[in-house]
Amino acid sequence: MSDQSLLRVGSIEALREATGRWRAAGETIVLVPTMGALHAGHLSLVEEAKRVGQRVVVSIFVNPTQFGPNEDFSRYPRVLEADLALLREAQADLAWLPGVEIMYPEGFATRIEVGGPSGGLCGDLRPGHFSGVATVVTKLLHQVQPDIALFGEKDFQQLKVIQRMVHDLDMPFDIRGVPTLREPDGLALSSRNRYLSPEERAKAPELHRVMADLAGRLGAAAAAGPLLCEGLSALETAGFRPQYLELRDAETLASVTTASRPARLLAAAYLGNTRLIDNLPVTPV
Ligand code: AMP
């Protein structure tokens with residue numbers, strides 16, 4: 001496929017025309033939802049999409065309803081032309097670029113609330129966030145009607161919320177997670193990393209380092225509590241303002257006190273004004 005073939009689509013009619021053609025030809029369609037400001041982490045999802053299907057749709061929409069009133073919606077990076085160049089290079093088939101008038105037309109009055117994995121962690125700290133995510137992802141899934149949709153494990157709670165919702169509401173989409181892509185020093189790639197000052201960027205990998213150390217020890221620990229306290233202190237010493245550092249069941253995200261089943265260590269911490277999140281698997285030993 002030539003790198004000229006990226007379709008840039010802004011209307012539901014044109015989207016359905018392309019996806020309808022592909023579906024009729026029996027091609028597997030994979031959706032990668034994003035908010036743009038694409039980096040190698042997003043592109044690893046596109047790469048995986050190309051592996052598991054024939055047609056790759058990448059949506060770009062900075063969703064206002066998943067940002068809180070004091071969050072970074074207005075300053076969130078918007079670099080559409082650079083994003084499209086990256087998608088051409090990655091040989092995605094279609095960039096789905098819905099305007100706000102398509103996503104939230106006048107009179108829009110529906111919101112999806114997912115319980116279970118939305119509880120605690122980012123769900124408590126960012127009220128309305130997962131409801132905003134669930135609502136916009138539901139719209140994107142119904143617009144594109146992919147066979148498969150890929151989400152990064154980087155946003156592990158989001159992945160679990162979407163999987164729960166799709167299961168609960170019998171939506172016929174296969175939701176798959178893709179492992180977190182990291183910088184060589186361990187920092188998880190994120191569109192928000194560009195907010196970090198050079199000094200903060202130098203400190204940022206300490207989040208992953210502290211978590212990796214803990215994740216290794218939690219698998220064999222009789223009780224997670226003391227290790228989590230130790231981890232919080234280590235993060236504070238390194239200059240972070242941690243919001244949470246918790247061990248959860250890897251499937252349901254219920255709180256657990258030991259990793260007797262596969263678990264996940266999840267953290268959110270501020271470094272200066274930038275909020276970083278990360279998570280790692282914890283395997284029982
Ligand atoms: P965003 O544009 O931040 O909404 O992210 C779009 C998708 O890319 C989400 O499913 C994210 O979890 C995923 N993603 C973001 N950063 C990474 C990363 N470093 N590795 C893998 N996936 C990522």
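Only a predicted model underlies this, so the values are computations on that prediction, with no experimental measurement involved. (Residues numbered from 1 in each chain as written. Predicted model: local features only at pLDDT ≥ 70, side-chain atom pairs only at ≥ 80, totals over all residues. Heavy atoms only, no water.)

Quick look at the overall build of the chain now. A tally of regular secondary structure across the chain gives 10 helices and nine strands. The globule rule puts the C-alpha radius of gyration for 285 residues at 19 Å, and the 19 Å found for the chain is close to it. Overall, the chain is about 55 × 40 × 40 Å in size when its C-alpha atoms are taken along their principal axes. Here the chain holds 285 residues, and 52% of them are scored as buried. Within the chain, residue pairs in contact and separated by at least 24 positions form 71% of the contacts whose partners lie at least 6 positions apart. Surface exposure of the chain reaches about 12900 Å², of which carbon and sulfur atoms provide 53%. Once the 29 positive and 34 negative side-chain charges of the chain are each reduced to a mean point, those two points are 0 Å apart. (Helix = DSSP H or I, 4+ residues; strand = E, 2+ residues; numbered from the N terminus. Rg over C-alpha atoms; globule rule 2.2 N^0.38 Å. Buried < 20%, exposed > 50% of the residue type's maximum accessible area, 1.4 Å probe, protein only. Contact = heavy atoms within 4.5 Å. Areas by Shrake-Rupley, 256 points an atom, 1.4 Å probe, with all protein chains shown as cover. Lys, Arg positive; Asp, Glu negative; His and termini not counted. Charge placed at Lys NZ, Arg CZ, Asp CG, Glu CD.)

When the UniProt feature table is mapped to this numbering, "binding site: (R)-pantoate" (unreviewed entry) covers Gln-66 and Gln-158. With the annotated positions falling across 93 residues, the maximum pairwise C-alpha distance of 11.3 Å places them together in a single cluster. The topology assignment puts Gln-66 in the loop between strand E3 (55-60) and helix H3 (80-89). What Gln-66 contacts, discounting residues up to four positions off in sequence, is Met-35, Glu-71, Arg-126, His-129, Gly-132, Val-133 and Val-136. As for its position among the elements, Gln-158 is in helix H7 (residues 156-168). With residues up to four places along the chain from it excluded, the contact list for Gln-158 reads Phe-130, Val-133 and Phe-151. (UniProt positions renumbered as here; feature names shortened; annotations may be inferred.)

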